[in-house]
Amino acid sequence: MTNVFTFGLNHHSAPVSVRERVSMSGDLVRPALDALRSAFGSSLEEATILSTCNRTELYLAAKPEITEHIPRWIADFNSLDSSLISPHLYQYTQDQAVRHAFRVASGLDSMVLGEAQILGQMKTAVRTASEAGALGTMLNQLFQKTFSVAKEVRTQTAIGAQSVSMAAAAVRLAERVFGDISDTRVLFVGAGEMIELCATHFAAHNPKSIMIANRTLERGEALAARFGGQTMRLADLPGVLHEYDIVVSCTASALPILGLGMIQKAIRQRRFNPVVMVDLAVPRDIEPEVAELNEVYLYTVDDLGRVVQMGNDARQAAVVQAEAIIDSRVQSFMHWMQNRSVVPVIQGLNTAAHSVAEAELEKARKLLAKGVSPEEALERLARALTQKYMHAPMQALNRSPAEEKGQLLEMLPKLFPFHASEHSQAADSVVSRDVAHHMEH
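Worth saying up front: this structure is predicted, and the values here are computed from it rather than measured. (Residues numbered from 1 in each chain as written. Predicted model: local features only at pLDDT ≥ 70, side-chain atom pairs only at ≥ 80, totals over all residues. Heavy atoms only, no water.)

1. A closer look at the overall build of the protein chain
Filter applied, for reference: In this description a helix means any DSSP run of H or I spanning at least four residues, a strand means any run of E spanning at least two, and both kinds are numbered starting from the N terminus. Three labels apply to residues, based on accessible area from a 1.4 Å probe with only protein chains included: buried if under 20% of the type maximum, exposed if over 50%, partly exposed otherwise in between. Whether two residues are in contact is decided by their heavy atoms, any of which lying within 4.5 Å being enough. Using a 1.4 Å probe, accessible areas were evaluated by the Shrake-Rupley method; residue-level cover was limited to the displayed protein chains. A positive count includes Lys and Arg, and a negative count includes Asp and Glu. His and the chain ends are not counted in either. To locate a charge, the coordinates of NZ of Lys, CZ of Arg, CG of Asp or CD of Glu are taken.
Within the protein chain, the secondary structure is distributed over 17 helices and 10 strands. Per-residue burial over the protein chain gives 45% buried out of 441 residues. Pairs at least 24 residues apart make up 72% of the contacts formed inside the protein chain by residues separated by at least 6 positions. Accessible area for the protein chain stands at about 22,300 Å²; split by element, carbon and sulfur atoms hold 52% of it. For the protein chain, the distance from the average position of its 42 positive side-chain charges to the average position of its 49 negative side-chain charges is 2 Å.

Put into structure tokens, the structure is as follows:
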């Protein structure tokens, strides 16, 4: 039987130092999907991988026997000892996996309660899985329902109203150090969606200057133009880093791009004036040892998350509403899953019944061709069909142990309802005779 599973770790279960070890950038998700499917073969029918700054999750439609091996696969794929991630890994099955997907897409499981960015990230993950040929009926239906539920939650509740974003939290932390941001120079490293959000918030405070450092100048220039800023290449960072009071970094680099040595040199050039550094990347862009420098106020996504959490309490009423919507939609999806599992059985029963009917009809035609009267041919047909259809249930009753027999006796009237008043005495006679025959044997 195929079940739905979710395996993962997130900002609730693991610190950034662990999350960054299993994080998969966009270009790594496809190879991971291929490796996952290759490792488990036909036991894994469908898979989707969602990897963001705050979570790495595997959504699977698979046979239950593979679940005990998934944690080891996650560790091996990332070249890690499984003991590093196992304490932080969670697993959800069936309705709990469905509920988790709905909550994630609706922003209920996010560091920023109600944030909408995760929905787009989940859609990207689904698109990647589809392009890799890893998406089938089960997960496709799950995610389409997930997106529908997320829209419903955001439409019918105030879950996203007045949310304190990570970008806003970064501004607040910078203000704790500098007070008035209008007297600072701000450097953004990267030009992705998170940097765009942060630049929007910082620009609203009119800093002295804004600089965008990116691998490609074209994307950096497009972003800088919106905020009256300038652009530079990442390779030029070491020579100008000391000019900036606030550094916000979020790239897709697999390794830190702002090392301890580079920042120590910048601090000396700044004559030991303080600098705020916000690292929103997972894996991290700034070496963790930088936090030990007295002049550097380094904040990670986890630090910003604690600031954000303080604003979440005001939205708990919306959370209650959202959870109620999700509970209802989980039941609906599980009903679809259960019905889907019954369809092959019903199809099999129909095929078998039609096969028996055709075989007996052919016998009846041959009897008529031999000159047997229609009445006798019909009686033989009725008797033969009755015997064939009742053989399996009667045999199951005769051979079952007492406890199982009691359960079968309760189920048979539901599966084979029979009301004597609706049938002729002749048919009753045939059935009674055949029942007696089966009970004797």
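2. Some points on helix α8 (residues 166-178)
For an α-helix the count is 3.6 residues per turn, leaving residues at separations of three or four pointing the same way. Rule in force here: To estimate how far a helix should extend, the number of its residues minus one is multiplied by 1.5 Å.
Spanning 13 residues, α8 covers 19 Å between terminal C-alpha atoms, matching the ideal 18 Å at 1.5 Å per step. Those residues of α8 that sit buried are M166, A167, A168, A169, A170, V171, L173 and A174. As for α8, its buried residues are in contact with α9 (193-203), β8 (246-249), β9 (275-279), β10 (296-300) and α13 (301-309).

3. Looking at the state of the cysteines
The test is simple: Here, the term disulfide refers to a pair of cysteine sulfur atoms separated by no more than 2.5 Å.
Applying the stated rule across the entire model yields 0 disulfides. A disulfide-free cysteine, C53 has its sulfur positioned 4.8 Å from the sulfur of C250, the nearest such atom. Judged by its relative accessible area of 24%, C53 falls in the partly exposed class.

4. Describing the nonpolar core
Applied cut-off: Buried Ala, Val, Leu, Ile, Met, Phe, Trp, Tyr and Cys residues that are joined via side-chain atoms within 4.5 Å together make up what is termed a nonpolar core. An automatic or database domain assignment is the source of the domain bounds shown.
Counting 37 residues, the largest nonpolar core has M166, F188, F202, I246, V248, L280 and L304 as the members making the most contacts within it. With 7 residues, α8 is the single largest residue contributor to this core. Residue assignment places this core across two domains, with domain 1 (3-163) and domain 2 (166-309) each supplying three or more.

5. Here's the deal with the domain arrangement of the protein chain
The domain architecture assigned to the protein chain consists of domain 1 (3-163), domain 2 (166-309) and domain 3 (345-415). Here the C-alpha centroids of domain 2 and domain 3 sit 77 Å apart.

6. Re the UniProt feature "active site" (unreviewed entry) in the protein chain
Here is the rule we go by: UniProt positions are given in the numbering used here, feature names are shortened, and annotations may be inferred rather than shown by experiment.
According to UniProt, the "active site" (unreviewed entry) feature falls on C53. Within the fold, C53 resides in the loop between β2 (44-51) and β3 (55-62).

7. Let's talk about the side chain of T67
Applicable threshold: Side-chain atoms alone can form a polar contact between residues adjacent in sequence; in general such a contact is a pair of N or O atoms within 3.5 Å, and within protein one must be able to donate a hydrogen while the other accepts it.
Structurally, T67 can be placed in the loop between β3 and α3 (70-77). Given a relative accessible area of 15%, T67 falls into the buried group. Within the structure, T67 has its side chain in polar contact with the backbone oxygen of P64 (distance 2.9 Å). Residues contacting T67, with those up to four places away along its chain left out, are F5, F7 and Q91.

8. Overview of the pattern of salt bridges
Selection criterion: Whenever a carboxyl oxygen of Asp or Glu lies within 4 Å of a side-chain nitrogen of Lys or Arg, that contact is scored as a salt bridge.
Applying the stated criterion across every chain, the model contains 19 salt bridges. With a closest N to O distance of 3.0 Å, D245 and R270 form a salt bridge. Taken as a pair, D245 in the loop between α11 (237-240) and β8 and R270 in the loop between α12 (260-269) and β9 lie far apart in primary sequence, 25 residues in all. Both residues of the pair, D245 and R270, belong to the buried class.

9. Quick look at a nonpolar patch on the surface
Selection rule: Residues enter patches when their relative accessible area tops 30% and they take part in no salt bridge; the joining distance is 9 Å for like charges and 5 Å for the nonpolar side chains Val, Leu, Ile, Met, Phe, Trp and Tyr.
A contiguous nonpolar patch, built from M411, L415 and F416 and spanning about 320 Å² of accessible area, is present on the exposed surface. Looking at where F416 falls in the secondary structure, it is placed in the loop between α16 (402-415) and α17 (425-440).

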